[in-house]
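# Chains, contacts and geometry: an overview
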Amino acid sequence: MRAREPDAEGYVDRDGVKLHYEVFGDGEPTLLLMPTWTIVHARFWKAQVPYLARHHRVVTYDGPGNGRSDRPLDPAPYGCEAQGRLALAVLDATGAERAVPVSLSMASQWALWLMAHRPERVLGSVFIGPSLALGPGHTGRAEPFEEPYTSTEGWAKYNRYYWQDHYRDFLEFFFSQCFTEAHSTKPIEDAVGWGLETSAAVLLAENDAPWADEATLLDWCAASRCPVLVIHGTKDAISPLRRGKRLAKATGGALTVLEGAGHIPMARDPVKVNLLVREFAGSLAAGGRP
Amino acid sequence: MTAVKELSGARTVPEQTRARYPDATGYAERDGVRLFWERYGDGEPTLFLLPTWSIVHARFWKAQIPYLARHYRVLTFDGRGNGRSDRPAGAGAYTEREFAADALAVLDATATRRAVLVSLSCGALWATLLAADHPDRVTGSFYLCPAVGLAPPHPERAVHSFMEPLDTDDGWARYNQHYWLRDYRGFLEFFFGHCLTEPHSTKQHEDCVGWALGIAPGTLVDSQQGLLLCGLERFRESCARVRCPVLVVHGDEDAIRPHAQGAALAEATGGRLVTLAGSGHLPQARDPVRVNLLVREFVESLGGPAR
């Protein structure tokens, strides 16, 4: 059951990959709530959609690999540029000439691609817990992904073979690291459930698509011109706050640090996140449009 | 308002911020025992959110106060033994008659002529006594998960003695005074685990354990022994004298007090029964919106002029 049902929905088909999108509300500007790692699907925005749709046109879609979208086992559609082009295809299909992408975690790369390559389509960009190659990640995650695992503890579970052997256990571990805040049993249960809607095979295909390297990311940051807001938690155990800081600096954007927040604050601090997104979108509407 | 609450012994913990702060606070005093009350809002009628067993204090109504105070005058007080009320010693200080007399003293201290009673669990004992003995002061009684002996307890709770030393700490054997004095924290974890059977209750559990640390284990033993003094026949007789409208709300998964006890109370008082599917013993904490709307609906059903 949902607090808010979509007003319209449909599919886009790009290069044989079918993606499901939903549209809520009709206020300007359009907010594009992007997918992220395909371990979850668009319902991870469930605490944003009902509020934001009262003020904005909100577009969500399931990325390749989960939800009601196809689950390609070829890495190609999961790459940065491919993801950027899929986002464009959704904007086209929903008639959104311009939009404010709101991205979580690794989707920061796809939002940056959009900002650099289709600046005329991007009014402003909100990044939440950006996970991208701007500086080092957390230490303690150096377990080899491609070697057969020799331990089953902690980040050793982040492993090609462990995913295939113990997919659910990996999901439970991973989301426990995403939600470092106390009293997160419900968001963890939700996320594990979404993770179970895809498979280790899909995550492995996705994993084979390369991430943008630091030089490329910095080029994209330099090429982008729109206002930027970066939201990052101090207790983000997936992507350290220093990356959010660097992203804000490289894009000339504003940084809002959420004290005590983990990697997915939209689930654990939804009101705060919603108000930040609304305030940001409102500031664009006031100054940025004819 | 001070942000720090004095607890029994040397412990102090900062109180959490509140969604709604009281408009007035004070103490009622009865036989040398001070009772701390709070008033929120000023609508009509007055809702009197009664204390329950002193294992928790008035903050257990925290999810009701902000909503109800937008419509009504809401009165709460910490039951003797916890919160900012005094901690008299001895089982005799914790009978249902003492709690009912405390409630009356708070009504008087706050110049409240009449009120709608809202009670949880053991609070049903004093709510019933108050409604039976002071019909002019009580315009309706709303019971949540009443802990009343009108129907048998859960069978697993009837196995072990509260008073006698036991040779096991398993399950409901923890509901034993010797165990409480030996491992109070262990008892709290067990007890609130059974109060909050719904998934995702970690926050409510943490709150309850925190409030329960506000009463010394020995005082809690006194309070439990005081409740054991409540006679069933006398309670039945009180039920029969209740004349005001009654609504009983009881979860069908209540692991502390069976739903049959709520149903029996509704029958004994001529009241209506609402069953919450899947709810445990503390629906005011786990289903606050539902409970708040039921309270509001009940209050509105009492009619304006009669208030």
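Description of the structure in this document. (Residues numbered from 1 in each chain as written. Chains lettered and ligands numbered in written order. Predicted model: local features only at pLDDT ≥ 70, side-chain atom pairs only at ≥ 80, totals over all residues.)

### Comments concerning the overall build of chain B
Of the regular secondary structure elements, chain B holds 11 helices and 10 strands. Relative to its length of 307 residues, chain B is compact, with a C-alpha radius of gyration of 18 Å against a globular reference of 19 Å. Principal-axis analysis of the C-alpha atoms gives chain B an extent of 60 × 45 × 40 Å. In chain B, buried positions account for 47% of the 307 residues. (Helix = DSSP H or I, 4+ residues; strand = E, 2+ residues; numbered from the N terminus. Rg over C-alpha atoms; globule rule 2.2 N^0.38 Å. Buried ≥ 20, exposed ≤ 12 C-beta atoms within 10 Å, placed from the backbone.)

### A look at the overall build of chain A
Looking only at helices and strands, chain A features 11 helices and 8 strands. Computed over its C-alpha atoms, the radius of gyration of chain A comes to 18 Å, within 12% of the 19 Å expected for a compact globule of 290 residues. Dimensions of chain A along its principal axes, counting C-alpha atoms only, are 60 × 40 × 35 Å. Taken across its 290 residues, chain A has 47% of its residues classed as buried. Contacts spanning at least 24 positions in sequence make up 74% of the contacts within chain A whose residues lie at least 6 apart. (Contact = placed C-beta atoms within 7 Å.)

### Some details on the environment of valine 23 of chain A
Residues and elements named next belong to chain A. Within the secondary structure, valine 23 sits in strand β2 (residues 17–24). Each C-alpha atom of the pair valine 23 and alanine 76 lies 27 Å from the other, and the pair is 53 residues apart in sequence. Among residues more than four places away in sequence, those in contact with valine 23 are Pro6, Asp7, Ala8, Glu9, Arg57, Val59 and Thr94.

### Describing the pairing of strand β3 (residues 30–33) of chain A
Residue and element names in this part refer to chain A. Of the two faces of β3, the one holding Thr30 and Leu32 and the one holding Leu31 and Leu33 are both buried throughout. By the bridge criterion, 4 bridges tie β3 to strand β4 (residues 57–61) in an arrangement that is parallel. Its bridge partner lying in β4, leucine 32 is registered against valine 59. Two elements, β3 and strand β5 (residues 99–104), share 4 bridges in a ladder whose sense is parallel. Residue pairing for β5: leucine 33 is matched across the bridge by valine 102. (Pairing = 2+ DSSP bridges.)

### Focus: the environment of alanine 216 of chain B
Among the structural elements, alanine 216 of chain B can be located in the loop between α6 (202–212) and α7 (217–228). Expressed as a C-alpha distance, the spacing of alanine 216 of chain B and isoleucine 55 of chain B, which sit 161 residues apart in the sequence, is 9.3 Å.

### Concerning the environment of valine 291 of chain B
Residues and elements named next belong to chain B. Along the chain, the position of valine 291 falls in helix α11 (residues 288–301). Taking the number of C-beta atoms within 10 Å as the measure of exposure, valine 291 has 25 and is therefore buried. Between the C-alpha atoms of valine 291 and aspartate 42, which are 249 residues apart in sequence, the distance is 21 Å. Excluding residues within four positions of it along the chain, valine 291 makes contact with Gln64, Leu144, Val249, Pro283 and Gln284.

### Side note on the sheet that holds strand β6 (residues 73–77) of chain B
Strands belonging to one sheet form pairs held by backbone hydrogen bonds; the direction of such a pair is parallel or antiparallel. Residue and element names in this part refer to chain B. Strand order in this open sheet of 8 strands is β3-β4-β6-β5-β7-β8-β9-β10, and the pairing throughout is mixed. Looking at the sheet topology across the chains shown, the edges are occupied by β3 (24–30) and β10 (272–276). Taking each pair of neighbouring strands and ignoring which way they run, the sheet shows an average axis angle of 20°. Pairing between strand β4 (residues 33–40) and β6: 4 bridges, direction antiparallel. Across the sheet, residue tryptophan 37 finds its bridge partner in β6, namely phenylalanine 77. Helix-sheet contacts for helix α2 (residues 96–109) involve β3, β4, β5 (46–49), β6 and β7 (115–120), and the interaxial angle to β3 is about 130°. Relative to strand β9 (residues 246–251), helix α9 (residues 259–269) is tilted by about 170°, and along the sheet it contacts β8 (138–144), β9 and β10. (Axes fitted to C-alpha atoms, helices over the stretch in contact; angles between N-to-C directions.)

### A word on the pairing of β5 of chain A
Residues and elements named next belong to chain A. Buried residues dominate β5, accounting for 6 of its 6 residues. The side-chain alternation of β5 yields two buried faces, one formed by Ala99, Pro101 and Ser103 and the other by Val100, Val102 and Leu104. Here β5 pairs with strand β6 (residues 125–128) via 3 bridges, running parallel. Residue pairing across strands places serine 103 opposite phenylalanine 127, the latter belonging to β6. For the crossover that starts at β5, traverses helix α3 (residues 107–117) and ends in the parallel β6, the hand is right-handed. (Right-handed = clockwise from strand over helix to strand, strands pointing away.)

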